[in-house]
Amino acid sequence: MSGSGARTAAYGVVPADTTEDVRMRGAGVSAQVAVLPVGSFEQHGPFLPLATDTLVACAVAREIAEAYPVHLLPPLTVSCSHEHAAWPGTVSISAVTLHAVVRDIAASLGRSGVDALVVVNGHGGNYVLGNVVQEASARGEKAALFPAAEDWETARERAGVLTSLLTDMHAGEIETSILLHAHPEFVRPGYESADFTADDRRHLLTVGMSAYTESGVIGRPSLGSAEKGKELLASLVESFGATYALLTSGDGEGVRG
């Protein structure tokens, strides 16, 4: 589906839309959908930046905005990364704060006439985002969390990613591939020999990541490639079609706080 309208082509992590761009795009759709990338600021081993999850979420959201007439928002760059606290540079906020921020954003969007909010999550530790969407839906608001595990699995198979979603937990094949495609300038040498697996992580929330990995990596980044990253994003854009159709069908109420 193509419908980005007056979308400015040369934008990066932060959207370059003007208010007139948003007005024109909104006038051409039956329901306005906003897309909010949510990342994190946490360790990703010695070869990927602290902002990796934010860059991944933005890459997914940016591709979605190229294919669908959505209102692309700037990312939330700090979230719930408490399990990574043992590594320098990691910064977290509480789940309560993240919940409140996303809900406030939804309320603001609703006041400006936006009908639905999609949260594009780039960090697995942001469990509370599921609750945000769950509660919003129970209130009769239109909201979604994307991508789902099934979307990632479909993308993994399409891209030829060899590592399972269980093994590919952090700074592995998927994240390295997406950054090699979308932001190769941020990928440092060393991913080629940084593979480390720890599939049994049942006590992760109690003991943190440092109990399972010294490097901060859990996965197989050596298998990453720009080609896989491109295919991963293409698959996710295709999968987003079902979410977009669900949120733009019917006469349900828009997002509120």
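Before reading further, recall that the structure is shown in the block above.
If you're wondering where the values come from, they're calculated on a predicted model, not measured in any experiment. (Residues numbered from 1 in each chain as written. Predicted model: local features only at pLDDT ≥ 70, side-chain atom pairs only at ≥ 80, totals over all residues. Heavy atoms only, no water.)

**Focus: the nonpolar core**
Condition: To qualify as a nonpolar core, a set must consist of buried Ala, Val, Leu, Ile, Met, Phe, Trp, Tyr and Cys residues joined through side-chain atoms within 4.5 Å. For every residue, the accessible area obtained with a 1.4 Å probe (protein chains only) is divided by the maximum for its type, and the residue is called buried under 20%, exposed over 50%, and partly exposed between those limits. Counting from the N terminus, the helices are DSSP H or I runs at least four residues long and the strands are E runs at least two residues long. Whether two residues are in contact is decided by their heavy atoms, any of which lying within 4.5 Å being enough.
One finds Val35, Ile64, Val70, Val118 and Phe240 to be the most contacted residues of the largest nonpolar core, which totals 41 residues. Secondary structure elements with two or more residues in this core: strand 1 (33-38), helix 2 (52-67), strand 3 (116-121), strand 4 (142-146), helix 5 (149-159), helix 6 (173-182) and helix 8 (226-248). Here this core takes nine residues from helix 2, the largest share from any one element. Once residues within four sequence positions are removed from consideration, Val35 is found in contact with Ala61, Ile64, Val70, His71, Leu72, Leu73, Val118, Val120 and Phe240. In this structure, Leu36, Leu109, Leu117 and Val132 belong to the second largest nonpolar core, which totals 16 residues.

**Here we look at helix 2**
Our working rule: For a helix, the expected span equals 1.5 Å multiplied by the residue count minus one.
For helix 2, built from 16 residues, the straight-helix expectation of 22 Å at 1.5 Å per residue is met to within 8% by its first-to-last C-alpha distance of 23 Å. Of all 16 residues in helix 2, 14 are buried; the element is thus mostly enclosed.

**Details of the packing of aromatic side chains**
Pairs of aromatic rings are described using the distance from one ring centre to the other and the angle between the two planes. Note the cut-off: Geometry of aromatic contacts follows a simple scheme: Phe, Tyr and Trp rings, the Trp one being its six-membered ring, pair when their centres are within 6.5 Å, and the pair is stacked under 30 degrees between planes, edge-to-face over 60, tilted otherwise.
Inspection of every chain in the model, using the stated rule, returns five aromatic pairs. For the pair Tyr68 and Tyr244, a centre-to-centre distance of 5.4 Å together with 40° between the ring planes defines the contact as tilted. Linking Tyr68 in the loop between helix 2 and strand 2 (71-72) with Tyr244 in helix 8, this pair joins segments that are 176 residues apart in sequence. Each member of the pair, Tyr68 as well as Tyr244, carries the same accessibility label: buried. Ring plane angle 45° and centroid distance 6.4 Å describe the contact between Phe240 and Tyr244, whose orientation is recorded as tilted. Here Phe240 pairs with Tyr244, and both are found in helix 8, just four residues apart, close to one helical turn. Each member of the pair, Phe240 as well as Tyr244, carries the same accessibility label: buried.

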